[in-house]
Structure formats: C-alpha cells, structure tokens
Amino acid sequence: MSTATPEAEATTPRHLADPVITIDDFSVDYAGQVTTHAVKNVSLTLGRGEILGLAGESGCGKSTLAYGITRLLKPPALITSGSATFHSREGWSADLSTLSGDELRQFRWDKISMVFQGAMNSLNPVISIQAQLEDVFTTHRPELSRAERVQKCGDLLERVGVDRSRLKSFPHELSGGMRQRVMIAMAMALDPQVMIMDEPTTALDVVVQREILDEITRLRAELGFAVIFITHDLPLLLEISDRIAVMKAGEIVELNDAYELYTNPRNDYTKRLLASFPSLTGERGDFIRTGVADDRLEETKQADADEDAANEGAPA
Ligand SMILES: Nc1ncnc2c1ncn2[C@@H]1O[C@H](COP(=O)(O)OP(=O)(O)O)[C@@H](O)[C@H]1O
Ligand SMILES: [Mg+2]
C-alpha cells in the first residue's frame, strides 16, 4: 500500500511511489589472483508490476547482479557493499541479506522467482513434466490435495500456451520453446511478485522468442508481477520494457524510460549500443513495440515516414 499523498503521486515516478525491490549501492567482486569488480555500486528500484530491462554486452555483470540480489552467488563471489530489499504487496519489507538459508529458499520461489539462461535444459529428463511441476506445489503448498495440484499444473501449462495434455510428456518429447515455457510456468507457479529472467529466450529461434515475449507481456498485465529482464539484445528490450538500465563494466551507465532511451540516449555507450543494431538505426527503425501500451514509438516512426515522404516531393 502506498502512503504517498495524491500530490506526491502526481510527481513521484511510479517505480518510486510503489517499489517492489530496491537495490542500493550493490557491489560484487570475484576474488582470485586478479580480483574482478563484476558489479560496482549499483542502485536501482524495480516498480511493482514493472518490466525493467537490463542490457549490456556479455561479461558486463548482468547475471552477477541478478544472482547477487537473490543471494545465489557462490565463492569466489563476494558481496562487498550494498543491499537489496524486497517490498511485499502486503506492506512488509525484507532485507534479502538478513534471511537465513531456509527463509531464502522459501522466498525465492514464492516471492521472487527466476528463469535462467538455458533453463530449459535444467528439466530432469527422466521425470514427467507433471511430476516436476507438482514438486513445486508439494514443497511449497503442502496443504493442496493431489487433485488440486494436478489441476493447477494443467492450468499453469495452459497459461503459457502449452496444452495440458503435455503434462504426461517427458522433456525430450517437447521442443526447446515448449521446455522454456514449462520453466516459465514453473517460475509462475506460486504467483511471485517478481520474476527475474536471465536471457530467457536467447537460445530460441526468433518466432518462438516472439511468442514467448508476447506471453510474458500478457501474463504480466494479467497477474501484475514485476520483471527484471536481462539480455544483451537491446532491440528486444525496447519492445517489452517499461524502463531500461544499460550496464557497462559492472556499472549502470544509463537508466531511463524505454522510449526516452531509444529516442534520446544520453550516454555514449548507450548510443554505441543502439547503433550496433542495424534494425534500430535503419531508416524506419523496423521494430514494433508490442508489449506495453505505448504508441509513442509508432507515432515517432510515422512522423519520420511523413517527413521522408514530404522531402521526397520537395525539389532537391
Ligand atoms: N565464477 C566466476 N569467477 C570469476 N569471475 C567470474 C565468475 N562469474 C563471472 N565472472 C566475471 O564477472 C564478470 C561479469 O560476469 P557476468 O555477470 O556473467 O556477466 P553477464 O551476465 O553480463 O554476461 C565477467 O568479467 C566474468 O568473467
Ligand atoms: Mg549472463
């Protein structure tokens, strides 16, 4: 529940008025003969129900940040500064660094869930999809009856666009896209408030990738979870994100509304990153923002096209 006054709400950005995760001055090192400062003093706020894109080239620290805030890092990784705080929709907050092992495990599926790069390969090949989905409920929702569990597993699959008859299948009987959908279904099983997706569609072909992105966008609208969506693929992020953070060498160098970042990048690195995708810098900038209700990019492109048409008619 927000305590902001109506006047404050009018001026406070939505992600600050109603945050679900606040990351403050977060740093991670990998200790070794040479210490790598993988994440350096990162501060950012994830708004409730927001899709925040985290962009940046391979090795810039995106995964380390995601693993760090959810405390999945193992030595030689060391959190050297900062904190990450979860703000529940019920009104309480928890500093993730203060949770014990058991609390953290509970927390991870229930409040914050994750879909990791190559997650589809982490399904157990000799166990049916149903048994693997059921396992989440058996562990975290022991009060459910067997029939309720099976019903929920079927519902989950249908939610991500997989027919419930697939419950009986084994992972090798499903395509990569379907297995990735199963992993997304699993991450949504307990109605988390945040989903962290680390390159969730990178291994998939473009058509399947598009279908899954549409699905994530639709489900976000329906269920209201927030997403930290990590990828090196900036055009993809522009399509689905409300805001985008650009990371370089462990630091957030720019963080802005997706539309602002595309039309008015301020940081040189962001400009270079945008320029490195020809599809964004071609005459028409041929991407369509499918996800969020934001027609401004379309209007911008239409205005560009109109201008081009007018120029073509003018004498040289
Ligand atoms: N287990 C590890 N041990 C040592 N260095 C690591 C380890 N994991 C990642 N790194 C280093 O940390 C930096 C950030 O890596 P990572 O978070 O995986 O980047 P990204 O996800 O953006 O590709 C890189 O320089 C990488 O080499
Ligand atoms: Mg990574």
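This structure is a prediction, so every number in the text was calculated from the model and none was measured.

Participant: Just to check I follow, could you spell out the nonpolar core for this structure?
Facilitator: One broad trend across soluble globular proteins is that nonpolar side chains are buried collectively. Of all hydrophobic cores here, the largest spans 76 residues; its most connected members are Val-115, Ala-185, Val-194, Val-227, Ile-228, Phe-229 and Ala-245. With eight residues, helix α7 (residues 176–188) is the largest single contributor of residues to this core. Here this core gathers at least three residues from each of two domains, domain 1 (13–111 + 193–309) and domain 2 (121–191). If we ignore the near neighbours within four places in the chain, the residues touching Phe-229 are Ile-51, Gly-53, Leu-54, Met-197, Leu-237, Ile-240 and Ser-241.

Participant: Looking at this model, I keep getting lost on the confidence of the model for the protein. Mind explaining?
Facilitator: Mean pLDDT for the protein: 87, with 85% of residues reaching 70 or above. Scored below 50 in pLDDT, residues 282–293 makes 21 contacts in the model with residues more than four places away or belonging to other chains.

Participant: Just to check I follow, could you spell out the sheet that holds strand β5 (residues 93–95) for this structure?
Facilitator: Picture the strands of a sheet paired through backbone hydrogen bonds; they go either parallel or antiparallel. In space, the four strands of this open sheet follow the order β2-β1-β4-β5, with antiparallel pairing throughout. Bordering the open sheet on either side are β2 (36–47) and β5, each of which pairs with just one other strand. If you compare each strand with its neighbour and ignore which way they point, the axes differ by 5° on average. Across three bridges, the pairing between strand β4 (residues 77–87) and β5 is antiparallel. Following the sheet pairing, His-87 is matched in β5 by Ser-93. Running at roughly 115° to strand β1 (residues 19–30), helix α3 (residues 62–69) makes contact with β1, β2 and β4 of the sheet.

Participant: I keep staring at the site of ligand 1 and nothing clicks. Help me out?
Facilitator: Within the structure, ligand 1 sits among Tyr-30, Thr-36, Ala-38, Gly-56, Ser-58, Gly-59, Cys-60, Gly-61, Lys-62, Ser-63, Thr-64 and Pro-76. Sort the elements by how many residues they give to the shell around ligand 1 and α3 lands first, with three residues. Residue classes in the shell around ligand 1 are distributed as four nonpolar, seven polar and one charged.

Participant: Please clarify how the pairing of strand β10 (residues 251–257) should be interpreted in this entry.
Facilitator: Side chains on a regular strand alternate between the two faces of the sheet. Relative to β10, strand β9 (residues 243–248) runs antiparallel, the two being bridged by six bridges. Residue pairing across strands places Arg-243 opposite Asp-257, the latter belonging to β10. Connecting the antiparallel pair β9 and β10 is a turn made up of two residues, with Ala-249 showing a positive phi of about 45°.

Participant: Would you take a moment to explain the sheet that holds β10 for this structure?
Facilitator: Strand order in this open sheet of six strands is β6-β7-β8-β3-β9-β10, and the pairing throughout is mixed. Edge strands, defined here as strands with exactly one partner in the open sheet, are β6 (112–115) and β10. This sheet shows a mean twist of 15° between the axes of neighbouring strands, independent of strand direction. Across four bridges, β6 lies against strand β7 (residues 194–198) in parallel orientation. Its bridge partner lying in β7, Val-115 is registered against Met-197. Lying on the sheet, α7 is in contact with β6 and β7; it crosses β6 at an angle near 170°.

Participant: Help me understand α3, please; the structure alone is not making it clear to me.
Facilitator: In an α-helix, one turn spans 3.6 residues; hence positions three or four apart end up facing the same way. Judged by how many residues are buried, α3 sits mostly within the fold: eight of eight residues are covered. For α3, the complete set of buried residues consists of Lys-62, Ser-63, Thr-64, Leu-65, Ala-66, Tyr-67, Gly-68 and Ile-69. Once α3 ends, the next one or two residues include Arg-71, with phi positive near 60°.

Rules and cut-offs
Residues numbered from 1 in each chain as written. Chains lettered and ligands numbered in written order. Predicted model: local features only at pLDDT ≥ 70, side-chain atom pairs only at ≥ 80, totals over all residues. Core = buried A, V, L, I, M, F, W, Y, C linked by C-beta atoms within 7 Å. Buried ≥ 20, exposed ≤ 12 C-beta atoms within 10 Å, placed from the backbone. Helix = DSSP H or I, 4+ residues; strand = E, 2+ residues; numbered from the N terminus. Domains from an automatic or database assignment. Contact = placed C-beta atoms within 7 Å. pLDDT = per-residue confidence, 0-100. Pairing = 2+ DSSP bridges. Axes fitted to C-alpha atoms, helices over the stretch in contact; angles between N-to-C directions. Near = placed C-beta within 6 Å. Nonpolar A, V, L, I, M, F, W, Y, C, P; charged D, E, K, R; others polar.

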